[in-house]
Amino acid sequence: MTVVLAEDDLDIQLVARLALKRAGFVVRVVGNGQEALDAIRQEPPDVVLLDWMMPELDGPETCRRLKADPATASIPVIFLTAKSQESEIQRGLSLGAAGYVTKPFDALTLGQHVKDIVNNSGGVRL
Amino acid sequence: MTILGAGAIVFILVSLNVVAPSMDAERQRIGEVLDLHGSLWRALVELKHDQHDQLVLALPSIRERLQRQRSAVNDYLAHEASLLQNAEQQERLKQLTQQYERWVAQWESIDQSGSPEYMLSVSEKDFAPIQALLREFDRRERELAADAFALMTRRRQLFFAIVAAMAGVGALTLAAVMLSTKRVVLDPLTELTDSAHRIEMGDFTAAHQTLRSDEIGLLINSFAKMVQAVQLRERELATALGDSRELASMTAESRRRVEAAHADLLATLETVPAALMIFNPDGSVRLRNRAATDVFGIEPQNPELRKNYWGRFKRIAKDGTPIPQEEWISARALRGETARNEELEIHHPDGRIFPILASGAPLRNELGHVAGAVVAFQDIARLREVDRMKDEFVSIVSHELRTPLTSIRGSVQLVLDEANSVPDPEHRKLLQIALNNCERLVRIINDILDVSKIESGNLMLRRKAVHVADLVRQSIDVVVPPARNANVRLDAIVPANLRPVMVDPDRVVQALVNLLSNAVKFAPPGSTVTTTVTGSEHMVTIAVADQGEGIAPENLNRLFQKFQQVDSSSSRRKGGTGLGLAITKALVEQHGGRIFVDSELNKGTRFSFTLPTATTEEAASIAPVAANTDGSARLVARRVLIVDDDDDFRQLMKTQLSNAGYTVLDARDAASALQIARSALPDVITVDLMMPGIDGWGFIDTLRHEKGLTNIPIVVVSGAADAKKDARLPIDVTVVGKGEGDDRVLREISLALAGRRGATILVAEDDEDLRGVLTASLTRNGHRVIPARDGAEALAAIEREQVDLLVLDLVMPNIDGFEVLARLKEMRKGVPIPVVVVSGTDRSTTELQALRLGANVYLTKPIEAAALAEEVARLLTTNT
């Protein structure tokens, strides 16, 4: 399974990449929403993980653009969020996200959770 | 003629000299006496007030005033005594003085620590007779004064008659002799006569002083002086007529006091930051302070304009809906309702918005009718702002904390999970500590966020109809791993046919998990944390009970406060945040439920909370819950550990028990069984006796002596023929022969699981042999047995100690079983003791009667030990 991970924090980038790799994902890592859009258009992945807050183009806007583009609309999007606001989560789901992973996530089960969300693709809460 | 005229004048002067001075003195005396009464009355009332004040404020100034007042009263009384002439009145004054002195003495000797209400009542009670005496005294004095006055009036009339006659004679004489002096003497005399007549008609204005210095001038002046005295007396009489005038002066005094208090109150109100308004019943404002005026201004007097005026200030409820005028707090208060700290917004016509916290209450008159309303409110704009800033701060901080935590936790997790990445056990341990504390930090952040959300009212519930069993199952699943680590068993029973609840499932699971993990944390190893559910039409109660050390009563009320842990050292030890229970309580209350805690030191703690059930319409959308055959759903599979060296037998048992719904663990020798028992904490262990290495006896002995394992029920499944009579086995170990069939083993396991061990059972049976058999059989099942030879002994035992269950023979000497049942029903109305009736009598005739009297089970002799054990176990579990 291929995944594009958009996350501006370099440490989290590394941890998430290793965690997903262990679960058998092929991971491409980018640092903001714009880079994510470029990477996804270049080669559509099976799933996209978006951090909520990122410089230049943030998670929600990136998701909106992905869902607005017929070429990328069907790719499941999962938000990484700090769960500080439930309104964030609601907004993410209303933008068409398949689910969300709350930070700090469990590195040992992150891959499985992502797979579960992709399989259910119906807004499963973790 | 001149001589005659002069003689007349001399006569008049003589008359005046005789009459006027004595009348003056008497008048003065009476006036003074009656004046004194008024002063005395006021002084007494003041004194009483001062005494009351002294109750409330033990100030030296009040004490001084009290003393001053007392000496004033004493002076008045002494002065009065010196003025009195009537013996009867003197006696009365003496009585009054004595009564007064008793009253003062009693006040001084009264226990000052008594309640003010009590002391006031004492003071009031003894004050009344003094007032009555004074009133009577005053009445009598007035009667005497009236008599004296009547006498004076008679003298006055006589005097006027003489004056008139003399004036007549004098006029004739003077007219004849000195016509020239007519103007000088006659005119004033005519005037005087005229005045005398008018005065008799009650017109005192006729009297006037003249400046003449001759005899006639003297006469006129004397007359005027007399009239003045009469006038004064008349006025005094009018003033003193009855108590009404006294009361009028009293009322004036009270009014002065009230007005002073009112002025103090108004000045105080102006300085209070809260706005305060008092409304008349018609809705107009009777009183307002500055803070209220700042918001509302001053409304017009005209009722029509006033209505419009108020209508321009919109009230908006917390949920954003406008509040109609008849639902305003002032309107509700005028209807007799009380409002307390309601949050709303006032939208001023000029566009300003005042968020306020308002309270209102009706003002009632002495008849209890609403005579107005008071409304107080407080601008909470700043409070709200500070609150918002706090929430924002909490939100940002927690967000900022989560990012670094994500990398720390993830990194450590990945390193630890990699095989052989950390070969040194010391290092692994250190990394594990880092990880554990990361988890703890995450929990704290989540809890703080939850508290912040709850406090700001931002916790939105997404309610739906759900089965309680599903909620309990989800919650149990979360605490299974920590419970296993802590060597604590979990049990949960949800009855069938419960109405679904209308709740936010995530939030209820959060609340229940909080309670469960608390219970697991504080439960001693080897104990059980039990979740039970009971329900009615409108609510469901979920209870979580542990067998931990319990909470001291004085700490129970602090339990639900934030950052409160009964023992702060245990907080660190148990890794709690001190917020869990506060959050749980808030979550439950947000659902409209309530939370309770019962605890007994060294016995355990039981938290329970209620949830509202869903209505039939709300519940229509969900599928009915699955229930097992006994009507209730056991949510935690029981774990059975099979210890047997025979592989085939073990395999067979494993299949059977799995089919029966148990989670099965097995071991082929005692050593590994012990390992499994310690780590997995089975609910029941079956043991073979003959095993290589440590045998069954040794294994059982170890179990019984290892903390945390002592209470696990043991079923011996042995091939040895004489195992049942084995004296080396503990008395509460059940023994089944391998040849007795699989059903038998299954039944013993379920009995061992169900039977509460260590119950106190009273066996009332007159047949000694049967009593012995029953006792032995119940003792073997781990219960304590109290034998009783007849009904009288049985009743005595029940009086004496806590009995969990009664096994009762019906036919006994002295008091038989029926009577025991009847008495029991009377004695234990609230908490019935389960009763198993054992009887040799034919069922059909007596069973119904016994059951009607409160027996739960009826067994016919001969009693089968297994059947008895089964019923006992069933009754003990259903009654726990």
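Residues numbered from 1 in each chain as written. Chains lettered and ligands numbered in written order. Predicted model: local features only at pLDDT ≥ 70, side-chain atom pairs only at ≥ 80, totals over all residues. Heavy atoms only, no water.

Okay, the overall build of chain A next. Looking only at helices and strands, one finds five helices and five strands in chain A. Secondary structure elements of chain A occur, N-terminal to C-terminal, as β-α-β-α-β-α-β-α-β-α. In chain A, once contacts between residues fewer than 6 apart in sequence are set aside, the share between residues at least 24 apart is 59%. As presented, chain A carries roughly 5300 Å² of accessible surface, and 48% of it is formed by carbon and sulfur atoms. (Helix = DSSP H or I, 4+ residues; strand = E, 2+ residues; numbered from the N terminus. Contact = heavy atoms within 4.5 Å. Areas by Shrake-Rupley, 256 points an atom, 1.4 Å probe, with all protein chains shown as cover.)

Turning our attention to the nonpolar core. Residue and element names in this part refer to chain B. Ranked by internal contacts, the top residues of the largest apolar core, which has 40 residues, are Val-529 and Phe-609. Tallying contributions element by element places helix 14 (residues 505–522) first for this core, with eight residues. When sequence neighbours within four positions are dropped, the list of residues in contact with Val-529 reads Val-488, Arg-489, Leu-490, Asp-491, Leu-516, Ala-519, Val-520, Ala-523, Val-544, Ala-545 and Asp-546. (Core = buried A, V, L, I, M, F, W, Y, C linked by side-chain atoms within 4.5 Å. Buried < 20%, exposed > 50% of the residue type's maximum accessible area, 1.4 Å probe, protein only.)

Okay, the packing of helix 14 of chain B against helix 17 (residues 580–590) of chain B next. Residues and elements named next belong to chain B. With their axes 9 Å apart at the nearest point, helix 14 and helix 17 run at an angle of 145 degrees to one another. Like other packed secondary-structure pairs, helix 14 and helix 17 cross with a definite hand, here left-handed. Along the contact surface, helix 14 presents Arg-507, Gln-510, Ala-511, Asn-514, Leu-515 and Asn-518, while helix 17 presents Gly-580, Leu-581, Ile-583, Thr-584 and Leu-587. For the contact of helix 14 with helix 17, the class distribution of residues is five nonpolar, five polar and one charged. (Axes fitted to C-alpha atoms, helices over the stretch in contact; angles between N-to-C directions. Left-handed = near helix turned anticlockwise from the far one by under 90°. Nonpolar A, V, L, I, M, F, W, Y, C, P; charged D, E, K, R; others polar.)

This part covers the interface of chain B and chain A. Each side of the interface is counted separately: chain B has 21 residues, and chain A has 21 residues. Between chain B and chain A the total buried area reaches about 2000 Å² when both faces are included, carbon and sulfur atoms providing 55% of it. Where chain B meets chain A, there are two salt bridges. The shortest N-O distance in the salt bridge between Arg-409 of chain B and Asp-106 of chain A comes to 3.9 Å. Remark: the boundary between chain B and chain A carries four residue pairs in polar contact (both at pLDDT 80 or more). Elements that contribute at least two residues to the side of chain B that touches chain A include exactly helix 11 (381–417), helix 12 (425–455) and helix 14 of chain B. With 14 residues, helix 11 of chain B is the largest single contributor of residues to the side of chain B that touches chain A. Here the residues of the side of chain B that touches chain A are counted per class, giving four nonpolar, nine polar and eight charged. (Buried area = accessible area lost by both parts, 1.4 Å probe. Salt bridge = Lys/Arg side-chain N within 4 Å of Asp/Glu carboxyl O. Polar contact = N/O pair within 3.5 Å; in protein donor to acceptor, adjacent residues only side chain to side chain.)

In this model, chain A carries a mean pLDDT of 87, and residues with pLDDT of at least 70 account for 92%. Note that residues 122–126 of chain A has pLDDT below 50 and, in this model, 16 contacts with residues that lie over four places away or in other chains. (pLDDT = per-residue confidence, 0-100.)

Bringing the pairing of strand 2 (residues 26–30) of chain A into the picture now. All names here are of chain A. Both strand 1 (residues 2–6) and strand 2 contribute to a ladder of five bridges, which runs parallel. Bridge pairing in strand 2 links Leu-5 to Val-29. The β-α-β motif built from strand 1, the intervening helix 1 (residues 10–22) and the parallel element strand 2 has right-handed crossover chirality. (Pairing = 2+ DSSP bridges. Right-handed = clockwise from strand over helix to strand, strands pointing away.)

All names here are of chain A. Viewed as axis vectors pointing N to C, helix 2 (residues 33–42) and helix 3 (residues 59–68) meet at an angle of 25 degrees, and their least axial separation amounts to 9 Å. Between helix 2 and helix 3, the interaxial angle falls into the category roughly parallel. Pair helix 2 / helix 3 crosses with right-handed handedness. Touching Gly-33, Gln-34, Ala-36, Leu-37 and Ile-40 of helix 2 are Thr-62, Arg-65 and Leu-66, all from helix 3. Residue composition of the contact of helix 2 with helix 3, by class: four nonpolar, three polar and one charged. (Parallel < 35°, antiparallel > 145°, perpendicular 65-115°, else oblique.)

All names here are of chain B. Two strands pair when backbone bridges link them, and strand 12 (residues 595–600) and strand 13 (residues 604–612) are joined in this way by six bridges, in the antiparallel orientation. Note on strand 13: the bridge partner recorded for Ile-595 is Phe-609. Joining the antiparallel neighbours strand 12 and strand 13 is a turn of three residues, in which Asn-602 adopts a positive phi near 65 degrees.

As a further point, take the environment of Leu-269 of chain B. Residue and element names in this part refer to chain B. Topologically, Leu-269 is positioned in helix 7 (residues 242–271). Look at Leu-269 and you get buried, because its relative accessible area is 11%. Sequence separation between Leu-269 and Asn-289 is 20 residues; the distance between their C-alpha atoms is 5.9 Å. Ignoring sequence-local partners within four residues, the contact set of Leu-269 consists of Leu-276, Leu-287 and Asn-289.

For the rest of this paragraph, the subject is the pattern of salt bridges. Two side chains of opposite charge can pair, provided their charged atoms sit close to one another. Counted by the stated rule, this structure contains 41 salt bridges over all chains. Among the salt bridges present, the one from Lys-103 of chain A reaches Glu-7 of chain A, with a minimum N-O distance of 3.3 Å. Within this pair, whereas Lys-103 of chain A is found in the loop between strand 5 (99–102) and helix 5 (110–120), its partner Glu-7 of chain A is found in the loop between strand 1 and helix 1, the two being separated by 96 residues in sequence. The same class applies to Lys-103 of chain A and to Glu-7 of chain A, which are both buried. Bridged by salt links that share partners, the residues Glu-88, Arg-92, Glu-136, Arg-139, Arg-140 and Glu-143 of chain B form one connected network.

Residue and element names in this part refer to chain B. The strand order across the open sheet formed by five strands is 16-15-17-18-19, and the pairing between neighbours is parallel. In this open sheet, the two strands that pair with only one neighbour each are strand 16 (663–667) and strand 19 (734–737). Strand-to-strand twist in this sheet, taken as the mean axis angle between neighbours without regard to direction, amounts to 20 degrees. One ladder, built from five bridges, connects strand 15 (residues 639–643) with strand 16; its direction is parallel. Bridging across to strand 16, Ile-642 finds its partner in Asp-666. Strands in contact with helix 21 (residues 696–705) are strand 15, strand 17 (684–687) and strand 18 (714–718); relative to strand 17, the strand with the most contacts, it is inclined by about 160 degrees.

Another aspect to go through is helix 1 of chain A. Residue and element names in this part refer to chain A. Here helix 1 contains 13 residues, and its C-alpha end-to-end distance of 18 Å stays within 8% of the 18 Å for a straight helix at 1.5 Å per residue. Looking at helix 1, one finds that the buried residues are Ile-12, Gln-13, Val-15, Ala-16, Ala-19 and Leu-20. Its side-chain oxygen placed 3.0 Å from the backbone nitrogen of Asp-11, Asp-9 serves as the N-cap of helix 1. The positive-phi residue at the C-terminal boundary of helix 1 is Gly-24, with phi of around 95 degrees. (Expected span 1.5 Å × (residues − 1).)

The step from Lys-103 of chain A to Pro-104 of chain A runs through a cis peptide bond, and the omega angle for that step is 0 degrees. Here Pro-104 of chain A shows up in the loop between strand 5 and helix 5. Backbone geometry at Asn-487 of chain B places phi at a positive 60 degrees, although glycine is not the residue there. Here Asn-487 of chain B is to be found in the loop between helix 13 (468–485) and strand 8 (489–495). Judged by relative accessible area, Asn-487 of chain B falls into the buried class, the value being 13%.

Looking now at the packing of aromatic side chains. If you walk through the whole model with that rule in mind, you get 10 aromatic pairs over all chains. A centroid spacing of 4.9 Å and a plane angle of 55 degrees characterise the contact between Trp-52 of chain A and Phe-79 of chain A, whose relative ring orientation is tilted. Here the residue Trp-52 of chain A occupies a position in the loop between strand 3 (47–51) and helix 3, and Phe-79 of chain A occupies one in strand 4 (residues 77–81), the gap between them amounting to 27 residues. Judged by centre distance (5.7 Å) and plane angle (85 degrees), the ring pair of Phe-296 of chain B and Phe-377 of chain B falls under edge-to-face. Of this pair, Phe-296 of chain B sits in helix 8 (residues 290–296) while Phe-377 of chain B sits in strand 6 (residues 370–379), and the two are 81 residues apart along the sequence. (Phe/Tyr/Trp six-rings, centres within 6.5 Å; stacked < 30°, edge-to-face > 60°.)

All names here are of chain B. This prediction gives chain B a mean pLDDT of 77; 78% of its residues lie at or above 70. The spread of mean pLDDT over the elements of chain B runs between helix 16 (residues 568–574), the lowest at 48, and strand 11 (residues 539–545), the highest at 92. Long-range and interchain partners of residues 206–213, a stretch whose pLDDT sits below 50, account for 19 contacts in this model, where long-range means more than four residues apart. Scoring the predicted complex yields pTM 0.45 and, for the interface, ipTM 0.78.

All names here are of chain B. Where like charges cluster on the molecular surface, the negative patch consists of Asp-766, Asp-767, Glu-768 and Asp-769. With respect to the helices, strands and loops of the structure, Asp-767 is situated in the loop between strand 20 (760–764) and helix 23 (768–780). The class for Asp-767 is partly exposed, based on a relative accessible area of 39%. (Patch = residues over 30% accessible without salt bridge, like charges linked within 9 Å, V, L, I, M, F, W, Y side chains within 5 Å. Lys, Arg positive; Asp, Glu negative; His and termini not counted. Charge placed at Lys NZ, Arg CZ, Asp CG, Glu CD.)

Below, the discussion takes up helix 21 of chain B. Residue pairs spaced three or four apart in an α-helix point in one direction, given the helix's 3.6 residues per turn. All names here are of chain B. Turning to helix 21, its buried residues number three or more, namely Gly-696, Trp-697, Phe-699, Ile-700, Leu-703 and Arg-704. Axial view of helix 21: buried residues confined to an arc of 165 degrees, hence all on one face. Looking at the buried side of helix 21, the elements it contacts are strand 15, helix 20 (670–680), strand 17 and strand 18. (Arc of directions from axis to C-beta.)

Turning our attention to the sheet that holds strand 5 of chain A. Residue and element names in this part refer to chain A. Overall, parallel pairing links the five strands, which are arranged 2-1-3-4-5 in an open sheet. If you trace the sheet from one side to the other, it starts and ends with strand 2 and strand 5, each paired once. Geometrically, the sheet is characterised by an average inter-axis angle of 20 degrees between neighbouring strands, direction not taken into account. Direction of pairing for strand 3 relative to strand 4: parallel, over a ladder of four bridges.

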